[in-house]
Amino acid sequence: MTDTLPDTTELSLADQARLGSGADFWTTKRVGDVPAVLMTDGPHGIRKQEESSDQLSLSGRSVPSTCFPPAVALSQTWDAASAFRVGEALGRECQALDIQVLLGPGVNIKRDPRGGRNFEYFSEDPFVAGVLGEGWVRGLQSMGVGASLKHFAVNNQEWDRMRVSADVDARALREIYLRPFERIVTNAQPWTVMCSYNRISGILASQNEWLLTDVLRGDWGFDGIVMSDWGAVADRVAAVTAGLDLQMPGDDGTSDARVVAALESGDIEESAVRRNAGRLERFARRARAERRPGTVWSADDHHAIAREVAGRAIVLLRDDQGLLPLQPSGAIAVIGEFAVKPRYQGGGSSHVTPTRVDIPLDEIRALAADASVTFAAGFSADADADRAALRAAAVAEAAASDVSVVFLGLFENQEAEGADRPGIDLPEDQLALLEAVLAAQPRTVVVLSHGGVVRLAPIAAGPAAIVDGALLGQAAGGALADVLFGVVNPSGRLTETVPERIQDVPAFTSFPGERMHVRYGEGIFVGYRWYDTREIDVTFPFGHGLSYTSFDYESVSVVADGDDYVAQVTVRNTGERRGREVVQVYASLDGSVVARAPRWLVGFGDVELESGERADVSVPIPRDELAFWSEELHRRVVEPGTYAFHAAASSRDIRRTVEVEVDAEPIRYRLTAESSLGEIMRDPIAGAAFADLFAAMFAQFSAGSEEDVDYTPILDSSPFGRFLGSLGGAVPPGMVDDVLSRANTANGFEG
Ligand code: BGC
């Protein structure tokens, strides 16, 4: 934020307290000359309610706005520039509606495919989620509209979302769950962060000083305001103390009065109230200064952006017989209710009223004017529908066609904010329909619409082709038709693994928890990190996606770029068509000092190539992506070693690998009497000081072993101090303290 704005406020303490809660559902209070700020949901459109207000879209229509691809699809572009364009367009719409803050993006990690709001989130991988979320925030804020990064933090399920404690270890927190937030805060400075409803290791996010102050502001340098999720504040006084600036929505003044009472009783520091009010004032003045009255936007232009980005997001999962792209001629049977009633967004607070909706069947007809296109619903959301009759009619159309296109997926009531899914199966009648259609027409393409991952094992090998649309926003129909007929060559990639069975997923045994606790027992092994470590077969791996052309990765090299690295990947389009290739770079480290996945994503880039064309793709690899979080050292640590960098087309499709020596300071921990003999020996100062003693001890142990047992491991891990004690005075008094103090000083610890 600009430094010229005041940091402290002239208001009375009571008025400062009033600033800290909303005026109503969507606005902050105007207090003195501090202006009010209007915010609305997001994130893939604008949900400006004019008649009544609620947080789950219960009261129906909001003002029409472009429904861009929700995060589930936006992430599948693997393209921060697309995210920027969407953010920018949303910013334009906000300015036109005089909205100062759009409540998004949601960057929580998709810990489990059953998570009810997964369609609002980007990925199972923190790097993809961070890069795409950062693009969106930059785009929105470039228009003078503030983002609200949510839901901070570890809000990975809907069940018991307002109470559950996410019990997660420090490494997984920092490397996985907080990581997208960290990237976006440090690189893009969102105006606001929204705390989540849940508890983190027992403490409500809204009252969590460690999270809201120590980590967010202390470690990452956040300088905006923290607001609560709607209704997340249980104790306003505790929240203010912890660093929560704004309670949303407002109440009848009760919580402001509680803050004033706490000031009087000394239960809250005056400085905390002043600090929060100063931030709120700065935020409100900035929001006011950035207004751009008279901004206009074109629904046609924004729809065109929505269609283009949706086209980039579509993932071609399978195309076995080269059936795609379809010929725009002959007889095409379009089957499935979603072809006329498209699924393109999820339910709940992110649900928007679109400016228009492309109907897939119409768009197919528009692109295949010379074909005879028939339609049969095949199934229905209506429980009273005659399933057998619907299926029979669809099979008849399929049999009479040259090719059929079957739209399958989840219904909107199967995925919405507030409810996790019980499983990941597609509805049974849809599976039965597909089986019957395939028997009548092997030349069949399946088009999928769904916000959460669906199990594809039962159908993966059946149809000739599978096109995955996830949820593509209001232009879904046009974008899908573009891909089906080759107007767009698909280039999207999965940002979530498609497992073979729900029993394989990392959190299977703990999701969604019990008695207000969910234990993240899988630690850092989320998504592909889990499947790849355990070598579990998956239906489609993370990063997977095909094209109508093919690409050869001819070489990879990785060179230093200042403190960071950059991979140069030479890619050639070996097929017949122009296409875009997303190049992924994963790192591996054998013999790491901590448990690591066999490979993890550290960078990606893309390139558009004509048939036969070749180019070098530069993929930046931030050094920090090699790090692990050391709980003991309380920081990210890059360990020295030989890292392998893989240029890959998915986490399981590695095309080229190169090894690079990474220099880094050896990791040193503070030495104490509880340090192990091995740790002492490997320290240059302490190891040298006790070298003779250790050599004698090891020799004595080896000699004493009649069974020829190797005692090195137990000696290596024995606590030094306790071991010395048993040697009875082998070391002069004071020497241990002296040596450890010298070693610690040399290693950068206070003596
Ligand atoms: C959701 C938020 C949303 C807020 C306001 C809450 O229920 O969790 O994502 O921004 O409502 O509608």
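Residues numbered from 1 in each chain as written. Predicted model: local features only at pLDDT ≥ 70, side-chain atom pairs only at ≥ 80, totals over all residues. Heavy atoms only, no water.

> Explain the overall build of the protein chain to me, and be specific about the residues and the numbers.
For the protein chain, the helix and strand inventory stands at 22 helices and 26 strands. Scaling as 2.2 N^0.38, a compact globule of 751 residues should have a C-alpha radius of gyration of about 27 Å, and the protein chain matches this with 29 Å. Taking the principal axes of its C-alpha atoms as reference, the protein chain extends roughly 95 × 75 × 50 Å. Split into buried and exposed, the 751 residues of the protein chain put 60% on the buried side. Residue pairs in contact within the protein chain that sit at least 24 positions apart in sequence constitute 77% of those at least 6 positions apart. If you sum the accessible surface of the protein chain, you get close to 27800 Å²; carbon and sulfur atoms cover 48% of it. (Helix = DSSP H or I, 4+ residues; strand = E, 2+ residues; numbered from the N terminus. Rg over C-alpha atoms; globule rule 2.2 N^0.38 Å. Buried < 20%, exposed > 50% of the residue type's maximum accessible area, 1.4 Å probe, protein only. Contact = heavy atoms within 4.5 Å. Areas by Shrake-Rupley, 256 points an atom, 1.4 Å probe, with all protein chains shown as cover.)

> Please give an account of the packing of helix H12 (residues 360–367) against helix H15 (residues 476–484) that cites residues and values.
Viewed as axis vectors pointing N to C, H12 and H15 meet at an angle of 40°, and their least axial separation amounts to 8 Å. By the angle between their axes, H12 is oblique relative to H15. Of the two possible hands of crossing, H12 and H15 adopt the one that is right-handed. Contacts between H12 and H15 involve Pro360, Glu363, Ile364 and Leu367 from the former and Gly477, Gly478, Ala481, Asp482 and Leu484 from the latter. Of the residues that constitute the contact of H12 with H15, the class distribution is five nonpolar, two polar and two charged. (Axes fitted to C-alpha atoms, helices over the stretch in contact; angles between N-to-C directions. Parallel < 35°, antiparallel > 145°, perpendicular 65-115°, else oblique. Left-handed = near helix turned anticlockwise from the far one by under 90°. Nonpolar A, V, L, I, M, F, W, Y, C, P; charged D, E, K, R; others polar.)

> Residues and numbers for helix H9 (residues 254–265), please.
Helical geometry: 3.6 residues make up each α-helical turn, so side chains three or four residues apart lie on a common side. Its 12 residues give H9 an end-to-end C-alpha distance of 16 Å, which sits within 8% of 16 Å, the value for a rise of 1.5 Å per residue. Buried residues of H9: Ser255, Asp256, Val259, Ala262 and Leu263, and no others. On an axial view of H9, the arc spanned by its buried residues comes to 120°, and they lie on one face. Elements that come into contact with the buried residues of H9 comprise helix H1 (13–19), helix H8 (236–242) and helix H10 (270–289). In the stretch just after H9, Gly266 is the one whose phi turns positive, near 80°. (Expected span 1.5 Å × (residues − 1). Arc of directions from axis to C-beta.)

> Tell me about the domain arrangement of the protein chain, and please be specific about residues and values.
Each assigned domain of the protein chain is listed here: domain 1 (1–22 + 202–289), domain 2 (300–540), domain 3 (551–662) and domain 4 (677–746). If you average the C-alpha positions of domain 1 and of domain 3, the two centres end up 42 Å apart. (Domains from an automatic or database assignment.)

> Which residues make up the site of the ligand, and what values do they have?
Among the 15 residues in the neighbourhood of the ligand, the closest are listed as Asp41, Arg117, His151, Asp229 and Glu417. Measuring from an oxygen atom of the ligand, one finds a side-chain N or O atom of Arg117 at 2.7 Å. Protein burial of the ligand: of its 310 Å² of free accessible surface, 100% is covered by the chains. Taken together, the residues of the shell around the ligand break down into five nonpolar, three polar and seven charged. (Near = heavy atom within 4 Å. Polar contact = N/O pair within 3.5 Å; in protein donor to acceptor, adjacent residues only side chain to side chain.)

> Requested: an account of the packing of helix H5 (residues 170–177) against helix H6 (residues 179–188), with residues and values cited.
Two elements in contact, H5 and H6, have axes separated by 5 Å at closest approach and are oriented at 50°. Comparing the axis directions of H5 and H6 gives the class oblique. Of the residues in H6, those in contact with Leu173, Arg174, Glu175, Ile176 and Tyr177 of H5 are Arg179, Pro180 and Phe181. Of the residues assigned to the contact of H5 with H6, the class counts are five nonpolar, no polar and three charged.

> I'd like to hear about the sheet that holds strand S19 (residues 564–573), residue by residue, with values.
The strand order across the open sheet formed by three strands is S18-S19-S22, and the pairing between neighbours is antiparallel. Each having just a single partner strand, strand S18 (551–561) and strand S22 (614–621) make up the two edges of the open sheet. Averaged over neighbouring strand pairs, the angle between their axes works out to 20° when direction is ignored. Relative to S22, S19 runs antiparallel, the two being bridged by eight bridges. Within the sheet, the bridge partner assigned to Gln568 lies in S22 and is Ser618. (Pairing = 2+ DSSP bridges.)

> Can you break down the packing of aromatic side chains residue by residue, with the values?
Under the defined criterion, the tally for this structure stands at 17 aromatic pairs. Each ring, one from Phe25 and one from Trp26, has its centre 5.1 Å from the other, and the planes form 75°; the classification is edge-to-face. Summarising the burial analysis for this pair, Phe25 and Trp26 share the class buried. When the centroid spacing of 5.7 Å and the interplanar angle of 40° are considered together, the rings of Trp26 and Trp230 count as tilted. Placement of Trp26 in the loop between H1 and strand S1 (39–41) and of Trp230 in the loop between strand S8 (225–228) and H8 is noted, with a sequence separation of 204 residues between them. Residue classification places Trp230 among the buried residues on the basis of a relative accessible area of 4%. An aromatic cluster of three or more residues is present, and its members are Trp78, Phe127, Tyr528, Phe542, Tyr586 and Phe604. Directly above the aromatic system of Trp629 lies the positively charged group of Arg174, at a separation of 4.0 Å from the ring centroid. Of note, Arg655 hangs over the ring of Tyr553, and the distance from its end group to the ring centre comes to 4.9 Å. (Phe/Tyr/Trp six-rings, centres within 6.5 Å; stacked < 30°, edge-to-face > 60°. Lys NZ or Arg CZ within 6 Å of the ring centre and 35° of its normal.)

> Which residues make up the nonpolar core, and what values go with them?
By size, the foremost hydrophobic cluster in this structure holds 134 residues, and its most contacted members are Trp136, Phe152 and Phe645. When residues of this core are assigned to their parent elements, the largest contribution, eight residues, is made by helix H4 (residues 126–141). If near-sequence neighbours (up to four positions away) are discounted, Phe152 is found in contact with Leu178, Phe181, Val193, Met194, Cys195, Ser196, Ala205, Leu211, Leu212, Leu216 and Trp220. Formed by 68 residues, the second largest nonpolar core is a distinct cluster that contains Phe119, Val352, Val453 and Ala476. (Core = buried A, V, L, I, M, F, W, Y, C linked by side-chain atoms within 4.5 Å.)

> Summarise the environment of Leu324; cite the residues concerned and give the values.
The topology assignment puts Leu324 in the loop between strand S9 (315–319) and strand S10 (331–335). Classification of Leu324 by relative accessible area gives buried; the value is 5%. When the C-alpha atoms of Leu324 and Arg578 are compared, they prove to be 15 Å apart, with 254 residues separating the residues in sequence. If we skip the residues at most four places from it in the chain, Leu324 touches Leu316, Asp319, Val445, Ala465, Val467, Leu484 and Tyr548.

> Before we move on, could you go through the pairing of strand S26 (residues 653–662) and cite the residues and values that matter?
Judged from the nine bridges that link them, strand S25 (residues 641–650) and S26 form a sheet pairing that is antiparallel. The residue of S26 that forms the bridge with Ala647 is Arg656. Here S25 hands over to S26 after two residues, the two strands then running antiparallel side by side.

> So what's going on with the pattern of salt bridges? Residues and values would help.
Per the counting criterion, the structure on display carries 57 salt bridges. For Arg519, the salt bridge goes to Glu514, with nearest N and O atoms at 4.0 Å. Owing to a relative accessible area of 52%, Glu514 belongs among the exposed residues under this scheme. Several salt bridges converge on common partners, so that one network encompasses Glu134, Arg138, Arg179, Glu182, Arg183, Asp624, Glu625 and Arg636. (Salt bridge = Lys/Arg side-chain N within 4 Å of Asp/Glu carboxyl O.)

> Describe the pairing of S25, listing the residues and the values that go with them.
Among the 10 residues in S25, nine count as buried, and that is most of the element. Bridging between strand S20 (residues 579–589) and S25 involves six bridges; their strand directions are antiparallel. Residue pairing for S25: Tyr586 is matched across the bridge by His646.

> Provide a residue-level description of the environment of Ala371, including the pertinent values.
In this fold, Ala371 is placed in the loop between H12 and strand S11 (372–376). Sequence separation between Ala371 and Ala172 is 199 residues; the distance between their C-alpha atoms is 53 Å. When residues no more than four places from it in sequence are discounted, the contact partners of Ala371 are Pro328, Ser329, Gly330 and Ile332.

> Report on the sheet that holds S8, specifying residues and quantitative values.
Backbone hydrogen bonds hold the strands of a sheet together, and the pairing may be parallel or antiparallel. With respect to topology, five strands assemble into an open sheet ordered S1-S2-S3-S5-S8, the strand pairing being parallel. Looking at the sheet topology across the chains shown, the edges are occupied by S1 and S8. Neighbour to neighbour, the strand axes of the sheet diverge by 30° on average, direction disregarded. With three bridges connecting them, strand S3 (residues 146–152) and strand S5 (residues 192–195) associate as parallel partners. Of the residues in S5, the one forming a bridge with Leu149 is Val193.

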